[in-house]
Amino acid sequence: MDVPVLIIGAGPSGATTALHLARSGIKSMVISRHRGSANTPRAHIFNQRAMEVLRDAGMEDLLSSVASPAHDMQHTSWLHTLAGEEYGRLWAWGNKPSQKGDYESSSPCVMSDLPQSFLEPVLVDEVRRLGSDVRFSTEFVEFIETEEGVRTTLRDRATQKSFIVNSQYLVGADGARSAVLDALKIPIIGKQLNTAFNVHIKADLANHIAHRPGSLNWILNPDAPDWSAVGNFRMVRPWDEFVVSLHPATKDGKSFTPTEEQIIDRLYQMIGDRSIKIEILSSFQWTINDQVAERWQQGRVLCIGDATHRHPPINGLGSNTCLSDAFNLAWKLAYVIKGYAAPSLLDTLTLERKPVGDAIVKRANAGMEAHRLLWDLMGLTPQAREDVVQKLQEATSQGAEMREKLRLALEATDDEVQALGIQMNQVYLGSPAVVVEEGDTPPDFSALNSLKDVMVSTFPGYHLPHVWLAADGQSERISSLDLAGHGAFTLFTGIGGGSWLKATEAISRRSGVQIKGYSIGFRCDYMDCYREWIHLRSVGETGAVLVRPDHFVAWRCKELPEDCLEKLSAVLSKVLGKII
């Protein structure tokens, strides 16, 4: 059996890779050892960059119809019980009034609460509709790399029969216990930190949550047993389906298997209302990790997603980063397989994505520690909690000090739920797949809070800025990101840049590499409706900004050169590692 690309894993990273490959005309085989797509909600917060990846594949409208809107994600709250005392709340996921404009100006997409169990079936159906082969109950056994490609042994788990798949490339998107990464013998740096316990339930909790709608509701209840000292009611569907995550008091990593009776009792203890009917749909233990892969690839085998970055769900960066990994890899695989790029283009996967993966692991674990500091401050025993609550209500200097400590501890967790910067600031400086003109200098963002604020620039290696454009006064507006992407390079120029547009057409005809060209300005292809592009482009009107298929700036040129065709051909040859 021969396929261009064999993908191990049908989760967010694997399915998204297959989706973007299929839209580029590359039909892959995707296998998963599981019987079907995700049967528990798992990941749920999808940030704007992840939604841009799905939007580029034409999936945003469909997925928006099954996602919970931003309104239902407004808050993160800390309470004694859902029915009891509240210790504080934060605006979350772009809903903070003073920061809404930052979110709106950074992307045409909005934050969504899209549980993995709703996302995966939609992605898999679309991958199949586009002609790729998706097989469940099929497991990876081993692979052998040859000069021509990769020879992989798979096993049908139902029949226990093995079969061989020959592919040009093998993608390991098989999660935090990646068999592919293990087979490559790539070291994992870091360690497993602790265990936690999840319970997926149906329970009508509208009376206790709907008035402060939020996807995360933390319960700091000191009466808890050690295996569930702190809990979190995470919305799956408002307001009758939740995943309740239960965290132990210590970091000893011990395994625990509570009975259903113990689970139910703990849930009622956290809700504070025993009149609520609870239905347990599933429960499972999971591991809190602080781990990264030493590298992401070896020869024709490339790994992405949780196989390479493993961390707690703080900031909701898991599946979001998986989707961006897939977008980065898919266009490169497509270009190499079609002969538009040299295989060396794939060597940029580790160079570009590992710094992103390492950074989100560091951030997620730092965020986890911020939560633990808050838990410790509030006290995890009945006596400690009573002492804290007593001080919080005192009109004394000690009371004021405790209230200030609580305020600071709560606001430290704001870095989790209002962290637009880390969601959008993926930068590929120094990559061979971007070209910097001599004399061009990178922007200085040293004074910017890169966790909170977006680094907006057209310097090569940065994400293309989102601006609204329109063909004319009678047209709907369109994002610059919608003009870019879709498997093609895109060149933006202005008045007087017609030679660039002719060069894009000539190169596309000659090489097969699709380059879309647009002029922006008065009576150009598109109007700069709000005069935003002129401030962000950082090139003259006859200059050019070249954008890769994954929305990242590949190169920019300040003014018109003597020969646009020669210049653009040379740049593309450097980016793709092959004479164009």
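See above for the structure.
Residues numbered from 1 in each chain as written. Predicted model: local features only at pLDDT ≥ 70, side-chain atom pairs only at ≥ 80, totals over all residues. Heavy atoms only, no water.

The next subject is helix α9 (residues 318-338). Here α9 contains 21 residues, and its C-alpha end-to-end distance of 31 Å stays within 8% of the 30 Å for a straight helix at 1.5 Å per residue. Among the 21 residues of α9, 20 are classified as buried, and the element is accordingly described as predominantly covered. Within two residues after α9, Gly-339 carries a phi angle of roughly 85 degrees, on the positive side. (Helix = DSSP H or I, 4+ residues; strand = E, 2+ residues; numbered from the N terminus. Expected span 1.5 Å × (residues − 1). Buried < 20%, exposed > 50% of the residue type's maximum accessible area, 1.4 Å probe, protein only.)

Moving on, we get to the state of the cysteines. Counted by the stated rule, this structure contains zero disulfides. The structure places no disulfide on Cys-322, whose sulfur is separated from the nearest cysteine sulfur, that of Cys-303, by 12 Å. Cys-322 sits in the buried class, given a relative accessible area of 4%. As a non-bridged cysteine, Cys-557 has Cys-564 as the owner of its nearest cysteine sulfur, 7.7 Å distant. You can call Cys-557 buried: its relative accessible area is 8%. (Disulfide = S-S within 2.5 Å.)

Another aspect to go through is the environment of Arg-157. One can find Arg-157 in the loop between β9 (150-156) and β10 (162-172). Exposure remark for Arg-157: the relative accessible area of 34% places this residue in the partly exposed category. In sequence terms Arg-157 and Arg-35 are 122 residues apart; their C-alpha atoms lie 9.1 Å from each other. Filtering out sequence-adjacent residues up to four positions away, Arg-157 remains in contact with Arg-33, Ser-137, Thr-138 and Glu-139. Here the side chain of Arg-157 touches Arg-33 through a polar contact of 2.7 Å, landing on its backbone oxygen. (Contact = heavy atoms within 4.5 Å. Polar contact = N/O pair within 3.5 Å; in protein donor to acceptor, adjacent residues only side chain to side chain.)

With that settled, consider the packing of helix α16 (residues 498-511) against helix α18 (residues 564-576). Two numbers describe how α16 lies on α18: the axes approach to 9 Å, and their chain directions differ by 55 degrees. With respect to their mutual orientation, α16 and α18 come out oblique. Regarding α16 and α18, the two cross each other, and that crossing is right-handed. From α16, Ser-499, Trp-500, Ala-503, Thr-504, Ala-506, Ile-507 and Arg-510 reach across to α18, where they touch Cys-564, Leu-565, Lys-567, Leu-568, Ser-569 and Leu-572. Split into classes, the residues belonging to the contact of α16 with α18 amount to eight nonpolar, three polar and two charged. (Axes fitted to C-alpha atoms, helices over the stretch in contact; angles between N-to-C directions. Parallel < 35°, antiparallel > 145°, perpendicular 65-115°, else oblique. Left-handed = near helix turned anticlockwise from the far one by under 90°. Nonpolar A, V, L, I, M, F, W, Y, C, P; charged D, E, K, R; others polar.)

Here the focus is the pattern of salt bridges. If you walk through the whole model with that rule in mind, you get 25 salt bridges. Note that Asp-358 is salt-bridged to Lys-354, the shortest N-O span being 3.0 Å. Of this pair, Asp-358 and Lys-354 both sit in helix α10 (residues 348-378), four residues apart, which is roughly one turn of that helix. (Salt bridge = Lys/Arg side-chain N within 4 Å of Asp/Glu carboxyl O.)

So, about the packing of helix α1 (residues 12-23) against helix α5 (residues 116-129). Across the interface, α1 lies against α5 with an axial gap of 9 Å and an inter-helix angle of 30 degrees. If you check the angle between α1 and α5, you find them roughly parallel. Where α1 crosses over α5, the handedness of that crossing is left-handed. On the side of α1, the interface is formed by Pro-12, Ala-15, Thr-16, Ala-18 and Leu-19, while α5 contributes Gln-116, Glu-120, Leu-123, Glu-126 and Val-127. Counted by class, the contact of α1 with α5 contains six nonpolar, two polar and two charged residues.

With that out of the way, let us pick up empty space enclosed by the protein. Applying the stated criterion across every chain, the model contains three cavities of 30 Å³ or more. Taken as a whole, the largest cavity spans an internal volume of roughly 60 Å³. Looking at the largest cavity, the residues that line it are Leu-193, Asn-194, Lys-251, Ile-288, Asn-365, Met-368, Glu-369 and Arg-372. Residue assignment for the lining of the largest cavity shows that the elements contributing at least two residues are β11 (188-202) and α10. Per element, the largest residue contribution to the lining of the largest cavity is four residues, and it comes from α10. Residues belonging to the lining of the largest cavity are distributed by class as follows: three nonpolar, two polar and three charged. Estimates place the volume of the second largest cavity at around 40 Å³. (1 Å grid on protein atoms, 1.4 Å probe; cavity = no way out; pocket = protein on both sides within 12 Å on 5 of 7 lines; lining within 4 Å. Points joined across faces, edges and corners; volume = space filled by probe spheres on them.)

Alignment of strand β4 (residues 75-79) against strand β5 (residues 86-91), held across five bridges, turns out to be antiparallel. Within β5, the residue paired with Leu-79 across the bridge is Glu-86. (Pairing = 2+ DSSP bridges.)

This part takes up the environment of Pro-187. Locating Pro-187 in the fold gives a position in the loop between α6 (179-184) and β11. On the basis of relative accessible area, Pro-187 is assigned to the partly exposed category, the value being 35%. Separated by 315 residues in sequence, Pro-187 and Lys-502 place their C-alpha atoms 48 Å apart. Those residues within four positions of Pro-187 in sequence are excluded, and the remaining contacts are Val-292, Ala-293, Glu-294 and Arg-295.

Within an α-helix, residues lying three or four positions from one another point in the same direction, as the helix has 3.6 residues per turn. Here α16 is 14 residues long and its end C-alpha atoms lie 20 Å apart, about the 20 Å a rise of 1.5 Å per residue gives. Looking only at α16, the buried set comprises Trp-500, Leu-501, Ala-503, Thr-504, Ala-506 and Ile-507. Contact partners of the buried residues in α16: β21 (489-493), β22 (515-519), β23 (544-547), β24 (553-557) and α18. Trailing α16 by a residue or two, Gly-512 shows a phi angle of about 90 degrees, which is positive.

The next subject is the sheet that holds β5. Spatially, the eight strands line up as an open sheet ordered β5-β4-β12-β13-β14-β11-β15-β18, and their pairing is mixed. Two strands lie at the open edges of the sheet, namely β5 and β18 (309-310), each paired on one side alone. With seven bridges joining them, strand β13 (residues 230-237) and strand β14 (residues 241-247) adopt antiparallel strand pairing. Bridge pairing in β14 places Val-230 opposite His-247.

The final tally for this structure, using the stated rule, is 15 aromatic pairs. With a centroid separation of 5.9 Å and 80 degrees between ring planes, the pair formed by Phe-197 and Trp-227 is classed as edge-to-face. With a gap of 30 residues between them, Phe-197 in strand β11 and Trp-227 in the loop between β12 (216-220) and β13 connect regions that are remote in the sequence. Phe-197 gets classed as buried once you look at its relative accessible area, which sits at 5%. Given a relative accessible area of 13%, Trp-227 falls into the buried group. Relative to Trp-555, the ring of Trp-500 has its centre 5.7 Å away and its plane inclined at 70 degrees; by these criteria the two rings are edge-to-face. Here Trp-500, found in helix α16, pairs with Trp-555, found in strand β24; they are 55 residues apart in sequence, far enough to count as distant. One exposure class covers both Trp-500 and Trp-555, and it is buried. Aromatic rings pair up to connect Trp-331, Tyr-335, Tyr-340 and Phe-489 into one cluster. Over the face of the ring belonging to Phe-118 we find Arg-237, whose NZ or CZ atom lies 3.9 Å from the ring centre. Across the ring face of Tyr-169, the terminal group of Arg-300 is positioned such that the distance to the ring centre comes to 5.1 Å. (Phe/Tyr/Trp six-rings, centres within 6.5 Å; stacked < 30°, edge-to-face > 60°. Lys NZ or Arg CZ within 6 Å of the ring centre and 35° of its normal.)

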